[in-house]
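# Residue-level structural notes
Here are the chains, one letter per residue:
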Amino acid sequence: MRRLLVAALLLPLLLTGCGSDRDTYCSAVKDHQQELSDLVGSGGPDALLEALDIFEDLQDKAPGDITDEWQQLVTSIQGLQKALEDAGVDPATYDRDHPPSGLSADDKARVDAAAKALGSGTTLRALQDLDQQARDVCKTPLTL
């Protein structure tokens, strides 16, 4: 009986904590929606890289049930960013079919591998799941 009473008293506190986490996350989704839409809608080759700060902020605020999806997306973008930086190439102008002169085969292979990971089914599914969760829970898509 005593355990039941303690559980009954703690349950609202636990639920409020979860709600405030979701509220914080949903507020962040709404706050970033326009900027994220503008970046992704620009169609630039480096749009996802430019959106990395936004994705990292959303990852930091995300509730526990979607941390794996955010980890997958953010890690994939960071991997591509690092490969491009290590290769010394500009993400906005990099063309896989016509790489800059002097780009080593190893650097090109690392950039290709990172781009493949970012475009993988696992990463795309994570992005779809994150958008669906934002629509369902926050009543706001990630982009307009």
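Our subject is the structure listed above.
The text that follows walks through the structure, step by step, so that each part is easy to find. Keep in mind that this is a model prediction, so the values were computed, not measured.

## Topic: the overall build of the chain
- In terms of regular secondary structure, the chain is built from six helices and zero strands.
- Helices and strands in the chain line up, N terminus first, as α-α-α-α-α-α.
- Counting only residues that meet the buried cut, the chain has 33% of its 144 residues in that class.
- Taken as a whole, the chain presents about 8900 Å² of accessible surface, with 55% of it coming from carbon and sulfur.

## Some points on the packing of helix H4 (residues 67-87) against helix H5 (residues 105-118)
- Running from amino to carboxyl end, H4 crosses H5 at an angle of 165°, the nearest separation of the two axes being 8 Å. Between H4 and H5, the angle falls in the class roughly antiparallel. Of the two elements, H4 crosses H5, and the hand of that crossing is left-handed. Contacts between H4 and H5 pair Ser76, Ile77, Gly79, Leu80, Ala83, Leu84, Asp86 and Ala87 from the former with Asp107, Arg110, Val111, Ala114, Ala115, Ala117 and Leu118 from the latter.

## Section: the nonpolar core
- Residues Tyr25, Phe55, Leu58 and Trp70 are the most contacted members of the largest nonpolar core, which totals 32 residues.
- Mapped onto this core, the elements with two or more residues apiece are helix H1 (2-41), helix H3 (52-61), H4, H5 and helix H6 (121-138).
- Top contributing element to this core by residue count: H4, with eight residues.

## Digging into unusual backbone geometry
- Its identity is not glycine, yet Lys139 carries a phi of approximately 60°, on the positive side.
- Inspection of the secondary structure assignment puts Lys139 in the segment after H6.
- Overall, the relative accessible area of 66% leaves Lys139 in the exposed class.

## Points about the layout of surface pockets
- Considered as a void within the structure, the largest pocket measures approximately 190 Å³ in volume.
- In terms of lining, the largest pocket is formed by 14 residues, of which the most central are Pro45, Leu49, Leu80, Leu84 and Pro91.
- Sorting the residues of the lining of the largest pocket by element identifies helix H2 (47-50), H4 and H5 as the ones contributing at least two each.
- When the residues that make up the lining of the largest pocket are grouped by side-chain class, the tally is 12 nonpolar, one polar and one charged.

Parameters and conventions
Residues numbered from 1 in each chain as written. Predicted model: local features only at pLDDT ≥ 70, side-chain atom pairs only at ≥ 80, totals over all residues. Heavy atoms only, no water. Helix = DSSP H or I, 4+ residues; strand = E, 2+ residues; numbered from the N terminus. Buried < 20%, exposed > 50% of the residue type's maximum accessible area, 1.4 Å probe, protein only. Areas by Shrake-Rupley, 256 points an atom, 1.4 Å probe, with all protein chains shown as cover. Axes fitted to C-alpha atoms, helices over the stretch in contact; angles between N-to-C directions. Parallel < 35°, antiparallel > 145°, perpendicular 65-115°, else oblique. Left-handed = near helix turned anticlockwise from the far one by under 90°. Contact = heavy atoms within 4.5 Å. Core = buried A, V, L, I, M, F, W, Y, C linked by side-chain atoms within 4.5 Å. 1 Å grid on protein atoms, 1.4 Å probe; cavity = no way out; pocket = protein on both sides within 12 Å on 5 of 7 lines; lining within 4 Å. Points joined across faces, edges and corners; volume = space filled by probe spheres on them. Nonpolar A, V, L, I, M, F, W, Y, C, P; charged D, E, K, R; others polar.

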